[in-house]
Each structure stands twice: as structure tokens, then as C-alpha cells.
Number of protein chains: 4
Amino acid sequence: MIFTSDNASGAHPAVLAALAAANEGYTMPYGADDGTGRVEALLREIFEAPEARVFLVATGTAANGLALATLAQPWSSIWCHRIAHIEADECNAPEFFSGGAKLSLLDGPGAKLDAAELDAALAAAGAGGVHHAQPGALSLTQATEQGAVYTVTEIEALAETAHARGLRVHMDGTRFANALAASNATPAAMSHRAGVDILCLGATKCGALGAEAVILFDPALAWEFELRRKRGGHLFSKMRFLSAQMEAWLAAGLWLRLAAQANAMGARLAEGLRARGVPIVSPAEANLLFVHFTAAQHAALQAAGARYYADPLQDPGTLGTPGALGAGAVSARLVASYATQAQDVDRFLDALPVSAPLPNAPGLQASASVAP
Amino acid sequence: MIFTSDNASGAHPAVLAALAAANEGYTMPYGADDGTGRVEALLREIFEAPEARVFLVATGTAANGLALATLAQPWSSIWCHRIAHIEADECNAPEFFSGGAKLSLLDGPGAKLDAAELDAALAAAGAGGVHHAQPGALSLTQATEQGAVYTVTEIEALAETAHARGLRVHMDGTRFANALAASNATPAAMSHRAGVDILCLGATKCGALGAEAVILFDPALAWEFELRRKRGGHLFSKMRFLSAQMEAWLAAGLWLRLAAQANAMGARLAEGLRARGVPIVSPAEANLLFVHFTAAQHAALQAAGARYYADPLQDPGTLGTPGALGAGAVSARLVASYATQAQDVDRFLDALPVSAPLPNAPGLQASASVAP
Amino acid sequence: MIFTSDNASGAHPAVLAALAAANEGYTMPYGADDGTGRVEALLREIFEAPEARVFLVATGTAANGLALATLAQPWSSIWCHRIAHIEADECNAPEFFSGGAKLSLLDGPGAKLDAAELDAALAAAGAGGVHHAQPGALSLTQATEQGAVYTVTEIEALAETAHARGLRVHMDGTRFANALAASNATPAAMSHRAGVDILCLGATKCGALGAEAVILFDPALAWEFELRRKRGGHLFSKMRFLSAQMEAWLAAGLWLRLAAQANAMGARLAEGLRARGVPIVSPAEANLLFVHFTAAQHAALQAAGARYYADPLQDPGTLGTPGALGAGAVSARLVASYATQAQDVDRFLDALPVSAPLPNAPGLQASASVAP
Amino acid sequence: MIFTSDNASGAHPAVLAALAAANEGYTMPYGADDGTGRVEALLREIFEAPEARVFLVATGTAANGLALATLAQPWSSIWCHRIAHIEADECNAPEFFSGGAKLSLLDGPGAKLDAAELDAALAAAGAGGVHHAQPGALSLTQATEQGAVYTVTEIEALAETAHARGLRVHMDGTRFANALAASNATPAAMSHRAGVDILCLGATKCGALGAEAVILFDPALAWEFELRRKRGGHLFSKMRFLSAQMEAWLAAGLWLRLAAQANAMGARLAEGLRARGVPIVSPAEANLLFVHFTAAQHAALQAAGARYYADPLQDPGTLGTPGALGAGAVSARLVASYATQAQDVDRFLDALPVSAPLPNAPGLQASASVAP
């Protein structure tokens, strides 16, 4: 009953087995191993992007930071959602990698940005004046930090707006697999065909030990990215152990099956919680959701061994019924992973005292101060 | 009739004369001239801060950037108002000088921050977690970018909140002289006694050619500041020409007389505009104010040779009367300087077509996208 | 017959097995797993440093960059050997992590620094003047990039000099295990007791997949280090996979046995080469050495499948005998790893055409432009 | 008898008068004043570079740092002489402005670089490999920190080498006027026609209060430079006071007359010292020279009120005659300025006890640790 984060799970057996297989013999270091080449070929095929360049790193923060620094200048703004991971949970990593770019924040339900609001904000920010931060990059998280999934049409609109205003587009795809599994779009449609310039495709949260593929759809950015990766300490000498993880994860659609399992468990959780009258305050389109528990519910779950991040709910009457949830209510984030099983969800639901049904409030702002 | 900015004026004759006087003979460079020593002594006396260290630079952006970098860490947040000069008009200079600190934004009428809101924001931001930006600095602008003046009590409350949360306090005093002249507080009461750790005292906008004194009330910060100033290219070899400006400006209260003149002209402008029914949408407590002009008023003023920054007014019916100002209305910033004379103001007012009186709306948000 | 680098080997089976064992179940992320705690306890015991703090990262460049940034200021100098990895092979990573510190270079045979020369250089560099880079850190590589091993006495002298001049001491211990195995010193004697402030203990080149322990002997540096690691993207969510590697590598002295094997193979290589008259131009005290091959030797080895980094020898008569080695001679770096076996060495030696014996020249400067 | 530095002088009366003239009335800020436009036009004409862009700053360190950051990348090397001002006297400013570029050092008598040595060093450094610093910029100081003047032919050779290796060329022209006055070259021949990409033309040391013109011969670099200048706090609001200085300094060849005067006084000093047997150990081609004084000479000069920077001479027998200068001998730097008069020089020479003539040793390395 661990729903703290998808990073609390270990690695999928196939990924571990690939490590062992890759361990045989000697290989050239720093990405000159055959496996790294195969991963690039594989991702070009999966994303229908024969010119794309692919580089592997071990953490999502590294992938995001290096990608953003490649797209934005030190004197520019990176536009993102107020609770985007790059803003809220990376201890100024984008500022560090970019040499001092500014993160400019927008709001939007479900941690999603809206193209019209982006356009208005960019128009108001002006451009061209030497006194102001210049247009740099737009960063979208797919799926979002609140479990929403951008549609291809939404991404297209945001990317078109960004490009028209001189920004390039970064996608934090820590949970891109979950977003893809939750839609019927192709990888290409959800990324470069919609205008994404760099996608950070995360495997870590979905079955790897620590592996992220940064896909540069514009190959002209590759050399700068390589230099940034090296001087950031993110070029692995024994690269075979990153490429083996990624290759195994992508092979035969494993990545999408694992993501689909995480999503299914998220949905099962949502369904069960709704049935028990627990207000779900986030979109719940992928493998994570935010809910409001009463103090009694929270205590019972903790006692039963359930684990998740929770914050005191500032206004326990936020759902239209003053005092509906009562003192001690919490906002909780629940994350299912590829390793979550139906019985884990069911045990969690069984441990939950049923409250009187309350109206759901999907537009309600979830608490953002959960662990990343 | 130039009301674009107080930086459109030249230098006061006494300041220019001091340059000529300082030009005689040879002096030691880099601040080892006698004048620099006298300026430090003078400011210690004026601010009743015998331990304070004083360093001169030539621009406000340099003063702010160096001061903030001395107070905040690269992995921390600098909290300021959304339209603070350091956020809106310095092209990421604080991020540059600090090595990538984040500017975290707050709102508030008149470009003023509120202690309770600051406290709530800091509480929500959390502290201590390695994933998040750490507490760094609070930056207050005195007088604010919208012409408001913090009271000593307000500064005390803000500084106390900041210190309690682990932030140090920076004051952007580009118009500190104006703020002081508009109050009956002492320099000490409005700065270190209220909790300000570093004050950037600007002379440039108020009669100098280009001279700002950075006053470190905590002398332990001095050496780091000196190193930052040097490696930022802000240590002048012929420092005598900065110290001469500052010494002349401070001598015999000239700085306060010049600031008082600018304030008086701002007040005369405000009074005249109010009498003519022009909505003043900012506090107008120092030497600058924001107003709304109708298209006809704006055109007439431009035709008469008046100059100021103006932005199209998004909603010309914002004053409670739908459509009150009509299409083409603008939000204008008017800044009086030490050089502004009563006849300049009166000519401006004379050029203004009188509109029907409208209710004033001091809480209305002024447009921020003016030139700095 | 792969002698390109010790990073061409895979991971030791015990390390891989530990990954599999660590994969079971859920763990807390970001270093809150039990294994990370055990690694810290283990290293405190091994290094007899009960107060030390230990942090894991995945690459040596990250370990070095983060450690140096914690010890040096942006306006300071980091003193190191001209061919130190941090200078020659990290694409400005120390400059990046430190926010612009300068690397100041010293020479010395075998890539070793000398305390007296360091002292003279520091004296000449001056200190205290605001115009100059300030004293920052001393960085020693143990074993050096040319296969020399500092004695404890040498480290003590260097660290004492550094501390007396206001520098803190960093040890790049990518091959610390090899250095230790080559000496009869204890880990404590070779590190903090000799004056090392931060040791970067590398496991990657000696049997891990990618794991380095940064040991802060001064615990007061820990929090800054943690923040730097996070914002550098080097904090792993699934930290258990770093801690498992490190724990298995340290367990029951495995690390020293592996290092001893690498050293033994280096010695066997050196002995065989000397017997065949090949000039060895580096100290050959650990697991790597630099030699000069004639064109015929180089060609024969390549043809036999031997692999190593080689550079054209600028002056093939450098050994006192003009033209001794003839045109086409190369300077080659040969690195043995924990995985190298005696038969690998012997096959290499068998493939080598015997040349007329030449006087050895251990003081000769080896070519530095090998791959890292 | 002040020969400490050319920055110990004040401003030329014509420059001061221009400040007063520029003070009249209102002007647009930040370089939109007419004077700034005229300076650009004037420098385009003087340098026969109709496309060049010109930006003014107030210090040489700012000019150099901003220029170098525009030419070099954070992951590249800036090649310069070991005692170049940018390396020795700017407290890591180039590293700061560039975001962590590395300064790679070369030697050469008179603080001059040699094209063949540069080429060899660049060849040895390699290029293209991701592990190494990339080719960034070459920085030449004209005249050098030891008073040598590059010929046009030398600059051409250096710039050609640099460009062929992928480096762009920066010229630190703090004393460019002195170099020009010492040669019969045109400004164009000594800069862009010889391959210089950015020239930092210093007026501060030669008659201004604080004014440097950065001349970008490639206008494509202009916008990035402008943004860097702004975010570095080096964009002056009251720019008229920089442009007025520069305009007056350039008008009717004043700059060259002032530089010629400084050079003439340097030559008078050299001649007199030679006649008195004082060893001159630097080229003495512009307005500064390094000499060796005996203890008695040094004491007598100090007693007479002469001022200059001096360092203990490590080996007072360096001139071929063991013990020639005796204990307490010093290496002294003497700098004449535009304000130095013949009688100042003569008084200095008169105060000097005549020593037995010693052989001059122009190739001897002058002490570098003088003040900047």
C-alpha cells in the first residue's frame, strides 16, 4: 500500500536482466557502446523521427535542466506551470543549468497550461526590450504533476503559440509513457508533430533503475547538448548500463504495458475512492491523483500501513459544504506505479472508512507541496 | 514637460562641480582615494550606523544584483513584488549575479508587499527540503515602482517576518531619498533599525550622473561584496569620480532637498490631475504616479510635447463606469524629477483637456510594462 | 587485451547481485533507503571518521565538481596538476559547478604535485587583494592520472601547505582503491588524517556500474553539498541502486581485492614490457602506465587485437638515443582493470615484437592527451 | 612623481568640459541619447568599419568580460598570456561573465603571445572531443601588460591561427591608444583588418573618468552583447555621461595626442634610466616599463616622494653578474600617463642615485604581481 510516488518501486525484472546481459565483456565508454546506438535507432523508429538525436542521463532533473539550458538563454524566461516539477521540486536546477534563466509561472487547473493564457502572458511580457527577460522556452509536463494529460490538440496550440512568440518547446516526459498509454495518440503525434523540440522521456518512474532519454528532434542542438551533459557530470563512462535499461524498457512495447498498468491502478483507485465518497480534486487521467481525506480516514489508512504524501487541508469546507470534511482533513497525493497490483489498491480501499458522499470537485486546486 | 523617468534629467550643478574639484592631481585608485573614505564616514553618520560598510557602484542594477547575490544563495529564492525592478526590468541580472537564484513573486497594491502575505507564502513554500528553493532574501523597493512609500512599521513587520523565516532583507533604494523626504522618519529608522540588511541608496535618479551607495549594515558581508563587485566589473579605477558625486549629493542635505523637490512636483501633478478628473491609479506618495488618460487627453498631451510612458488600457471601463474612458485610453506613468519645475507641471496640466470627473480608484493595478 | 581504460570493464558479479537484491519491494527515495544509511555507517567505520557525511553520485565528474564547488568560491582558484582530470577531461565541469572558479595549474613528474612548489606558487599568487583570484582549494588525484601514488607523507605536506594558505583539500579518488592497495596505509591515514577535507571515492572504474562516494570529513559542509547535488541533477530518486553498488563493493574488503588485482596486472604488464625493452615513462605504481612503442610494435599489437589509447610521439629520440624509436613511434597509455587476467597480459606481451633494450626513462613526461 | 598607474591621473579638461556640456536638458536614457549615436558613427569612421556596432561601458573589466562572454562559450577555453589582465587582475571576471569558461595560459616575453606557440598549444589541446574544453577565444592585450606593442603582422598571424582553430579574437585595448601612437598603423589595420573580432578600446587610463568603447566588428554579435551588458548592470541610464566622455576623447585626435604624450614620457623615463645604468627588463615600447632598482635606489626614490609598484627581486644577480644588484633589490613597474610632464620625469631621474652601469636584459621576465 505504498502510494507515495512511482519512484518507490524498484526496477522491472526485464530491465534488471538487461543489465546483467550488458555486463558481459568490454565495451567502449561514454556512449560508444553498441547498446547506445541501438537505443537511438529504436527511439527514432518509435517516434518516427529519423533525424532525432537521443542522449541518455540518469535523472529527470538532469534531463530537464540540460534540455532547458539548450533551449533557453541565460537572459530569457522559461514559461511553465506554477507547480511544474522544474519550478517546485528541483532546487533551482533549471536556473543552474541555464546560467540564470528565469522561470515565469502560469496557472491552470490540473497543472495544465492554456494556450490563450500563455499567449496573453507572453504579449504582456513584451519582447525585444533589453530591460526584460527575453523569450526562452515553454515547458510542458506530460502527464502533469496533478495527473492530467494534455491532448495532442492542446499541445499543438501551446507549441504554436510558443513558436510564434520565439520560444522553443520542452516537454518534461517523466510520465510521458503514462500519458501515451492514457491516450490513443502515437509518440510522434504527442511530441515533435505537435511542436515539441525536446522531449525528456522518463523510464525511471516506470520500471527502470535510473534512465531518461533526452530526444532532440532538432539535431542541430546535439553538440551543445553533449557538451552540457559532459560538463554537468551526466555523461556516464559505463554508458552500457543506461542504454541496457532503456533498450529493455522500450523493447516490444514493455514501456507502454507498464505505464498502462500504472494507469489502470490509478483508475481503480479513483473509482473506489469515488464510490466511497472521497473527493478527488485532480483530473485523475494517468497514474496519480489528489484527494481530500477526513482526519479519521487519514488516521485509519496510516494505521493500516498505507503510505502517501499528505498536507493539512487549509479549508476543510472547500467543497461547497462548510466544514464538510472537518478539522484535521488532509490533501493527499496517491500515485500508482507499474508495480502496483489490484490487491494493493483493494486493500487500501478496504482500509478506508466510508464517509458520507460529497460532491466531487475536480477543479479544486490540489495542494502542491508534496514530495516530488 | 518630460515625465518619462527621473533618469531623463542630468546631474545637479553641485555634483558636476564636485567632479571638477575631484579631478585635481593624482589619487590612489579603486577606492583608496580620500573621497571614498569620506563618503563611508558620512553615510555612517547619516544612518547612525558606525559599523556599516559602504561601497559605490554606478548603476542601480549593479547595486541590486551585487547586494542580492551577497544575501542569497544560488539555490535560494529572492522574494519580491511581481513588478519589482529586479524582476521586471533587469534582464535577469539578479539571477546572473547570484548564480541562479530564483525570484519568487508576490502581489500587493501599489507594488507594496504585505507582511502577512509574505509569511503565508513562505510557510507554503516550505523550507529545509532539499528539493525546493531555500529561503534567501526579501527585496523591498522604497519608494515602490508605483510610487508608494513603505512606513517604518511596515518595513519592520516585513523584515521581522523575513528574518524569522531565514531570509535577509535587501532594500532597493533607487528612490530611497524620495521615500525619506515623503516621511518624517530618519534614515536609520527606515533602514537598519527596521531590519534592512543591505540598502542600495540611489543617487543617479536624483541628481547624480551615475552613483549608488551600497550600505552593508552587517560589516561581515563586506569582503564578499568587494570580491563580487570586482569580478562583476563594477570596481572603478578612478573611484574618485564616484565618491565625489556621492559626497556632493549628500553634503548639507542636498539629497533630501532634491528628493523633496521631485516629490513636491509629483504632488502638484497629482493635485492638478485630480482637479481635472483624471483617475490616478497609484498611491502617488513620492515622485511618480500612474494615471489613466482618454485617447483625446493622450493625443493632446503628446501634441503639446509632453513625454511619458503609456500603455494601451486593456479595459477602459475599469473604474466602475463601463466605457468611462472609451477606446484608445491609456495607462500612463508620470515621473517628476529633482529638475522638474512648477511651470513644467503647470504647462502639462494646461495642455490637458478636462474630462468629466470620475471616481478615483487608488487600488487599481497600474500597468507595469513601462520602461524602467 | 583491452587496456583502454578501467571503465571498459563491466561490473563485478557481486555488485550486480546486490542490485538484484536491492530491487525487492518499496523503499523511500532520495537516500532515505536503509542501504544509503548503511553505506554511510560503513564508510565512517572504514575511514575511522565517525562524524563524516557520505553522499553518493554516479559519475566521477559529478563527484569532483560538487566537491570542489563546496570547497571553493566562484572568485577563487582551484590548484591542481596540469593534466589533472578536472582540468583536462571534464569540459569545464569544475568551472560550471563552482560558478566560475579558476583552475590554476602546476607541474610535476608523474602528475604529482610537490608541496614546496605549491607553496611557492601560492606565495607568488598573493592573497587578499581584491583584484586576484582568492585561495580556494587544492585538488590531488590519488592515484594520479599517470599512475603515481602519493605517500601519506606527501599528502600531509601538501595539505599542510594548502591549509596554511587558506585552501581546503579535495582528493579525486577515482583510483583511491588502487592507491590504497598499492600502499600499506589505512584509509584514514591516506585521507582525513593527512588533511583531506573531501574525498571522492570512486567505485565505477573498479567494479561498479556507476557509483562514487563523496566523503565529507567536515560535516558542516553537508547541507550545502546536498543542495548542490540536488540542483545539479545528481540526487537519484531510486538511490537504493547506488547504495547497493557501494555497499557490495565495500563489503568484506572486495574493493581492495579488486584494486589489488588491477594493480597486480599493471605490475605484470610493466615487468613484461621492461623485459622486452619497452620504455616505461610513468611511475607505474598503480594500475596504469605510459610507454613508448615503436611503429612496428604498435602495429603488431593493434593487429593482434590489443586496444589502448596512443598518441604520435613528438620526438622518438627522447630517450637519450637520437632516433632510438624511429618514425611512427607512439606514446601509449595502458590501463589494467579489476577484470584483467594474467592471460590477457601475457597475450599482450606475446604479441609484442621485442625491440633492442633501451634505457628506461621514468622521469619522462607522458603524453597527456589520452582519453579520460 | 606618481608612476603607479595611468589610472592615478584624473580626467583631461576637455573630457570634463564635455560632461558639463552634455548635462543640459533632458535626454533619452540607456543609449538613446544623440551623443551615443555620434560616438558610434565616429568610431565607425575612425576604424573604417561602417558595419561595426559600438557599446559603452565604464570599466575595462566590464568591457573585457562582456566581450569575452560574447565570443566564448561556457565550455570553451579563452587563450591568453599568463600575466594578461584578464587572468591576473580581474578576480575571475571572465569566468563570471562567460558562465565558467576556462582561461588557458601561454607564455612569451614582454607579455606577448607568439602565433606558432599558440598554434602548437591549440593543436595539443585537441578539439572536438566532448571531454575537453572547446576552442573559444584568443585574447590579446595591446599594448601588453609589460609595455610591448604587437605589430600588425603579429596580430594578423595570431588572429589567423586563432580563426583557423575555431577561436574568435578579442583585443584588450586598455592601452590601444598608446599602442597606436607608438606605431604608424591605422586603427583599422591594427584591429579588424588584422582579424580582431571585438576591440575593447579604453579611454579611462588615458584621459577619461571611466569610459570604454566595445567595438563589435561583427554586428551579428550586437544583440547578445546588449543583453549581457544590461544583465551585468553595465547599461547606464544616464548614458549621455559616458558618450560625452568618449566623444570628447576622440574628437580631433585628442586620444592619440594624449597617448603620444604618455608614450613620450615613458620613453624619456627609459632613456634616463638607461643612462643611469638601471636595468630595464621589459620592452618599453609604450607608456610603461619594468626595471630593477637596488635597495639604495628604491629607498632614495621613495624618500623623494616617487610612487610606483615594486616587488622584492627574487634573484638580485639575474643580470649575469652574481649579486650585481645586491640584497633588497626590487622589480618596479613605472607607468607614465597622459598627464605626466617632462619635469615629473626629470625630477624622478634626479632623485635616482646612479649605479654602476649594468648590461641591459630586455628578455628578462618582469615581475607580474604588480597592481593592475
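These numbers come from a predicted model, not from an experiment.

Student: Account for the overall build of chain A, with residues named and values stated.
Tutor: Each helix and strand counted, chain A has 13 helices and 10 strands in total. Based on the C-alpha atoms only, the size of chain A along its principal axes is roughly 60 × 55 × 35 Å. Within chain A, the fraction of its 372 residues that count as buried is 64%. Considering only intrachain contacts with a sequence separation of at least 6, the fraction spanning at least 24 residues in chain A is 77%. For chain A, the computed accessible surface area is about 11,400 Å², with 55% contributed by carbon and sulfur atoms. Side chains of chain A carry 24 positive and 34 negative charges; the gap between the two charge centres is 5 Å.

Student: I'd like a rundown of the pairing of strand S5 (residues 168–173) of chain D, residues and numbers included.
Tutor: Residues and elements named next belong to chain D. Buried residues dominate S5, accounting for five of its six residues. In the sheet, strand S4 (residues 134–141) pairs with S5 via five bridges, with the strands oriented parallel. When the bridges of S5 are listed, Ser-139 appears paired with His-170. Following the chain from S4 across helix H7 (residues 152–164) to the adjacent parallel S5, one finds a crossover that is right-handed. Pairing analysis gives four bridges linking S5 to strand S6 (residues 198–202), with the strands arranged parallel.

Student: Explain the packing of aromatic side chains to me, using residue names and the numbers behind them.
Tutor: Counting across every chain of the model gives 42 aromatic pairs over all chains. Both rings, one in B:Phe96 and one in D:Phe96, keep their centres 4.3 Å apart while their planes meet at 20°; by these two values the pair is stacked. In this pair, B:Phe96 is assigned in helix H5 (residues 93–98) and D:Phe96 in helix H5 (residues 93–98), connecting two distinct chains. The exposure classification of B:Phe96 matches that of D:Phe96, with both residues buried. Where C:Phe293 meets C:Tyr308, the ring centres are 5.6 Å apart and the plane angle is 55°; that geometry is what we call tilted. Here C:Tyr308 lies in the loop between helix H12 (295–303) and strand S9 (309–312) and C:Phe293 lies in strand S8 (residues 288–293), a separation of 15 residues in the sequence.

Student: Before we move on, can you summarise helix H10 (residues 240–250) of chain D with the specific residues and values?
Tutor: Of all 11 residues that make up H10(D), 10 are buried, and the element is covered over most of its length. What H10(D) keeps buried is the set D:Arg240, D:Phe241, D:Leu242, D:Ser243, D:Ala244, D:Gln245, D:Met246, D:Ala248, D:Trp249 and D:Leu250.

Student: Help me get a handle on the packing of helix H2 (residues 34–46) of chain D against H10(D), residues and values and all.
Tutor: Residue and element names in this part refer to chain D. Their axes nearest at 9 Å, the elements H2 and H10 cross at an angle of 35°. Both H2 and H10 take part in a crossing whose hand is left-handed. Residue-level inspection shows Gly-35, Thr-36, Arg-38, Val-39, Leu-42, Leu-43 and Ile-46 of H2 in contact with H10, the latter providing Ser-243, Met-246, Glu-247 and Leu-250. Each residue belonging to the contact of H2 with H10 can be placed in one class, and the counts come to six nonpolar, three polar and two charged.

Student: Tell me about the interface of chain C and chain D, and name the residues and values.
Tutor: Between chain C and chain D, the residue contacts involve 21 residues of the former and 21 residues of the latter. Summed over the shared surface of chain C and chain D, the result is four salt bridges. With its nearest N and O atoms 2.8 Å apart, the salt bridge here joins C:Glu87 to D:Lys102. Between chain C and chain D we count 17 residue pairs in polar contact (both at pLDDT 80 or more) in total.

Rules used in this analysis
Residues numbered from 1 in each chain as written. Chains lettered and ligands numbered in written order. Predicted model: local features only at pLDDT ≥ 70, side-chain atom pairs only at ≥ 80, totals over all residues. Heavy atoms only, no water. Helix = DSSP H or I, 4+ residues; strand = E, 2+ residues; numbered from the N terminus. Buried < 20%, exposed > 50% of the residue type's maximum accessible area, 1.4 Å probe, protein only. Contact = heavy atoms within 4.5 Å. Areas by Shrake-Rupley, 256 points an atom, 1.4 Å probe, with all protein chains shown as cover. Lys, Arg positive; Asp, Glu negative; His and termini not counted. Charge placed at Lys NZ, Arg CZ, Asp CG, Glu CD. Pairing = 2+ DSSP bridges. Right-handed = clockwise from strand over helix to strand, strands pointing away. Phe/Tyr/Trp six-rings, centres within 6.5 Å; stacked < 30°, edge-to-face > 60°. Axes fitted to C-alpha atoms, helices over the stretch in contact; angles between N-to-C directions. Left-handed = near helix turned anticlockwise from the far one by under 90°. Nonpolar A, V, L, I, M, F, W, Y, C, P; charged D, E, K, R; others polar. Salt bridge = Lys/Arg side-chain N within 4 Å of Asp/Glu carboxyl O. Polar contact = N/O pair within 3.5 Å; in protein donor to acceptor, adjacent residues only side chain to side chain.

By themselves, these figures tell us nothing about what the structure is for.
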